[in-house]
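Report on the structure
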Number of protein chains: 2
Amino acid sequence: MNREQLIENIRKKRSFLCVGLDTDVKKIPAHLLQEEDPIFAFNRALIDATAPYCIAYKPNLAFYESMGTKGWTAFEKTISYLREKYPEQFIIADAKRGDIGNTSAMYARTFFEEMDVDAVTVAPYMGEDSVTPFLGYDGKWVILLALTSNKGSHDFQLLTSEESGESLYKTVLKKSQMWGNANQMMYVVGATQGRAFEEVRRIVPDHFLLVPGIGAQGGSLEEVCRYGMNKSCGLIVNSSRAILYADSSERFAEVAAQKAHEVQQQMEIELNKYGI
Amino acid sequence: MNREQLIENIRKKRSFLCVGLDTDVKKIPAHLLQEEDPIFAFNRALIDATAPYCIAYKPNLAFYESMGTKGWTAFEKTISYLREKYPEQFIIADAKRGDIGNTSAMYARTFFEEMDVDAVTVAPYMGEDSVTPFLGYDGKWVILLALTSNKGSHDFQLLTSEESGESLYKTVLKKSQMWGNANQMMYVVGATQGRAFEEVRRIVPDHFLLVPGIGAQGGSLEEVCRYGMNKSCGLIVNSSRAILYADSSERFAEVAAQKAHEVQQQMEIELNKYGI
């Protein structure tokens with residue numbers, strides 16, 4: 001999916017919500033465990049319920065890998081289901097991969113050719129040749145970790161480098177702009193980082209930001225919009241646990257839809273506020 | 001596997017070779033493609049041929065993921081085969097994972113409980129809570145990326161931080177020592193980094209280092225040993241392509257064994273040289 005299509009979807013659906021499919025077999029409603037593929041059954045119901053309110057889905061690979069081949073099958077089925085039934089949804093494989101060139105090329109092939117997702121999250125530590133193999137696919141995206149939502153983000157991402165006088169995450173933002181442009185790269189910036197969004201926007205005014213950390217992690221949507229929104233919205237805000245596990249009864253999908261709808265309504269207010 | 005067992009294996013086998021199982025279906029000998037599971041057939045033959053000369057195997061997850069459920073099955077079968085037939089081999093899942101705490105915990109569960117590998121490579125960018133969930137398993141190891149073997153290692157790993165006056169990779173080495181000790185952590189330091197091993201050893205004199213980059217990537221075993229070896233050896237040196245794809249005929253396993261044997265003989269010279 002290209003940038004224009006993504007922006008068009010946001011304008012049309014009045015939402016920039018991404019639902020994070022962190023599907024944990026230990027947390028899904030008990031009645032689904034009788035299904036042949038409980039993970040896929042959960043995802044399908046969840047997707048059908050929330051699709052009107054979001055523009056993206058983000059399966060987190062860790063949750064699927066933890067179940068071995070069964071999990072991998074559920075992941076593949078989820079992607080196929082989205083592709084067939086909801087082709088307008090932007091699909092992010094939250095994988096945080098990154099390796100030497102020939103290995104990153106294998107990961108890129110997996111996610112973009114085999115799986116046909118729209119975007120993959122990539123970790124920047126190994127530098128240019130660990131990222132560029134993901135950039136060779138038309139209409140596909142790298143979402144590079146910049147300033148993450150967790151406590152450990154302070155350990156290295158905020159270290160100031162002598163060479164530039166800036167934090168590591170800013171060096172990542174700047175340097176990576178030489179590898180790809182705003183039509184093929186986005187950045188992860190955690191909702192818990194507050195006013196750091198101002199700093200981020202000084203460096204990458206046009207790029208989309210993938211924003212985890214509202215909901216269970218405590219970030220504020222309003223604050224993210226105040227400091228992070230640009231004239232094309234430029235934000236994809238993720239919520240996982242707060243939507244997925246809002247209810248554990250047979251009504252789980254209905255309650256998830258309510259939660260997603262509530263977030264969408266807040267997002268609509270923000271989009272209106274900034275004239276988008 | 002604990003540290004003492006690993007050191008004992010190195011002393012006994014006169015080798016600190018790790019064979020990297022970067023098994024690519026496009027590169028394996030053509031006659032194996034008739035097998036039901038060509039990837040596993042290749043790995044099994046390769047392992048049987050090289051096991052006398054190495055102390056570790058390192059399947060690179062990218063290569064298995066790129067084949068979806070089939071690849072994942074081949075990976076699982078490879079681990080089981082190693083566990084049953086070669087229980088003295090140290091198994092490293094080269095995954096370069098790292099995510100927020102609850103997600104890293106899922107990855108840790110996958111690799112240490114489901115797969116029962118000995119070690120996982122982990123990327124440090126997201127900091128403490130992305131690493132520590134991997135440290136809660138007795139006899140299991142985190143191998144943290146420090147100074148990698150690729151060209152892109154210069155992009156961020158060598159940036160000097162104002163706070164410490166040291167390169168990022170040194171800050172990673174220092175800070176991570178507060179999270180775990182030499183009985184549960186190792187570090188990736190690329191063979192292509194030459195004298196940087198001296199610097200590394202000043203900070204982590206006792207830790208094992210996982211060293212990729214000899215062979216196809218051009219690093220020198222002798223140099224790595226001169227600057228990186230400690231009194232318990234402290235090195236696990238990986239070779240992948242130079243062993244796996246040394247021959248593409250039906251004799252591939254035999255030739256791989258020869259290549260592994262040659263490396264083992266060089267390693268024996270180094271171990272003798274340093275009185276280990």
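The paragraphs below set out a description of the structure included in this document.

Rules behind the numbers
- Residues numbered from 1 in each chain as written.
- Chains lettered and ligands numbered in written order.
- Predicted model: local features only at pLDDT ≥ 70, side-chain atom pairs only at ≥ 80, totals over all residues.
- Heavy atoms only, no water.
- Buried < 20%, exposed > 50% of the residue type's maximum accessible area, 1.4 Å probe, protein only.
- Helix = DSSP H or I, 4+ residues; strand = E, 2+ residues; numbered from the N terminus.
- Right-handed = clockwise from strand over helix to strand, strands pointing away.
- Pairing = 2+ DSSP bridges.
- Axes fitted to C-alpha atoms, helices over the stretch in contact; angles between N-to-C directions.
- Contact = heavy atoms within 4.5 Å.
- Salt bridge = Lys/Arg side-chain N within 4 Å of Asp/Glu carboxyl O.
- Least-squares fit on C-alpha atoms with pLDDT ≥ 70 in both.
- Patch = residues over 30% accessible without salt bridge, like charges linked within 9 Å, V, L, I, M, F, W, Y side chains within 5 Å.
- Areas by Shrake-Rupley, 256 points an atom, 1.4 Å probe, with all protein chains shown as cover.
- Lys, Arg positive; Asp, Glu negative; His and termini not counted.
- Charge placed at Lys NZ, Arg CZ, Asp CG, Glu CD.
- Expected span 1.5 Å × (residues − 1).
- Polar contact = N/O pair within 3.5 Å; in protein donor to acceptor, adjacent residues only side chain to side chain.

1. A short note on the pairing of strand E4 (residues 119-122) of chain B
All names here are of chain B. Burial along E4 is two-sided: the residues Ala119 and Thr121 and Val120 and Val122 are all buried. Following the backbone out of strand E3 (residues 90-97), through helix H5 (residues 101-114) and into the adjacent parallel E4, one traces a crossover that is right-handed. Relative to strand E5 (residues 141-147), E4 runs parallel, the two sharing 4 bridges. Within the sheet, the bridge partner assigned to Thr121 lies in E5 and is Ile143.

2. Points about the sheet that holds strand E7 (residues 208-211) of chain A
Residue and element names in this part refer to chain A. Pairing is parallel in the closed barrel, where 8 strands are placed in the order E1-E2-E3-E4-E5-E6-E7-E8. On average, each strand axis in the sheet is inclined to that of its neighbour by 30°, with strand direction left out of account. Note that strand E6 (residues 185-189) and E7 share 3 bridges and pair parallel. The residue bridging Met186 from the neighbouring strand is Phe208, located in E7. Helix H1 (residues 3-13) contacts strand E3 (90-97), strand E5 (141-147), E6, E7 and strand E8 (235-239) of the sheet and is inclined by roughly 60° relative to E7.

3. Brief notes about the pattern of salt bridges
Applying the stated criterion to the full structure yields 40 salt bridges over all chains. Among the salt bridges present, the one from B:Lys96 reaches B:Asp94, with a minimum N-O distance of 2.9 Å. Exposure remark for B:Lys96: the relative accessible area of 8% places this residue in the buried category. Judged by relative accessible area, which is 4%, B:Asp94 ranks as buried. Among the ionic contacts, a cluster of salt bridges with common partners joins A:Lys58, A:Asp94, A:Lys96 and B:Asp99.

4. Thoughts on the relation of the copies chain B and chain A
Rotating chain B by 180° about the axis while translating it 0.0 Å along that axis superimposes it on chain A, leaving an RMSD of 0.0 Å. Each copy turns onto its partner about a two-fold axis. Nearest to the rotation axis, the C-alpha of B:Ser161 is located 2.1 Å from it, this being the minimum over chain B. A share of 100% of interface residues in chain B that are also interface residues in chain A marks the association as one of identical surfaces.

5. Some details on a negative patch on the surface
On the surface, A:Glu162, A:Glu163, B:Glu162 and B:Glu163 cluster together into a patch of negative charge. With respect to the helices and strands, the residue A:Glu163 is situated in the loop between helix H7 (153-156) and helix H8 (168-176).

6. Focus: helix H4 (residues 68-85) of chain B
When the terminal C-alpha atoms of H4(B) are compared, their 26 Å separation across 18 residues agrees well with the 26 Å that a helix rising 1.5 Å per residue should span. Every buried residue of H4(B) is accounted for by B:Gly68, B:Gly71, B:Trp72, B:Ala74, B:Phe75, B:Thr78, B:Ile79, B:Tyr81 and B:Leu82.

7. Here we look at the pairing of E3(A)
Residues and elements named next belong to chain A. Burial within E3 is extensive, with 8 of its 8 residues counted as buried. As judged from the 2 bridges shared by strand E2 (residues 56-59) and E3, these two strands associate in the parallel manner. Bridged to Tyr57 within E3 is Ile91.

8. Some remarks on the environment of B:Thr73
Residues and elements named next belong to chain B. Its place among the elements puts Thr73 in helix H4. When its relative accessible area of 30% is taken as the criterion, Thr73 is described as partly exposed. Separated by 192 residues in the primary sequence, Thr73 and Gln265 place their C-alpha atoms 34 Å from one another.

9. Things to note about the environment of A:Lys13
All names here are of chain A. Within the secondary structure, Lys13 sits in helix H1. Since its relative accessible area comes to 18%, Lys13 is described here as buried. Taking the C-alpha atoms as reference, Lys13 lies 7.5 Å from Cys54; in sequence the two are 41 residues apart. Apart from the residues within four sequence positions on either side, Lys13 is in contact with Ala51, Pro52, Cys54, Ile55, Glu88, Gln89 and Gln264. There is a polar contact of 2.7 Å between the side chain of Lys13 and the backbone oxygen of Ala51.

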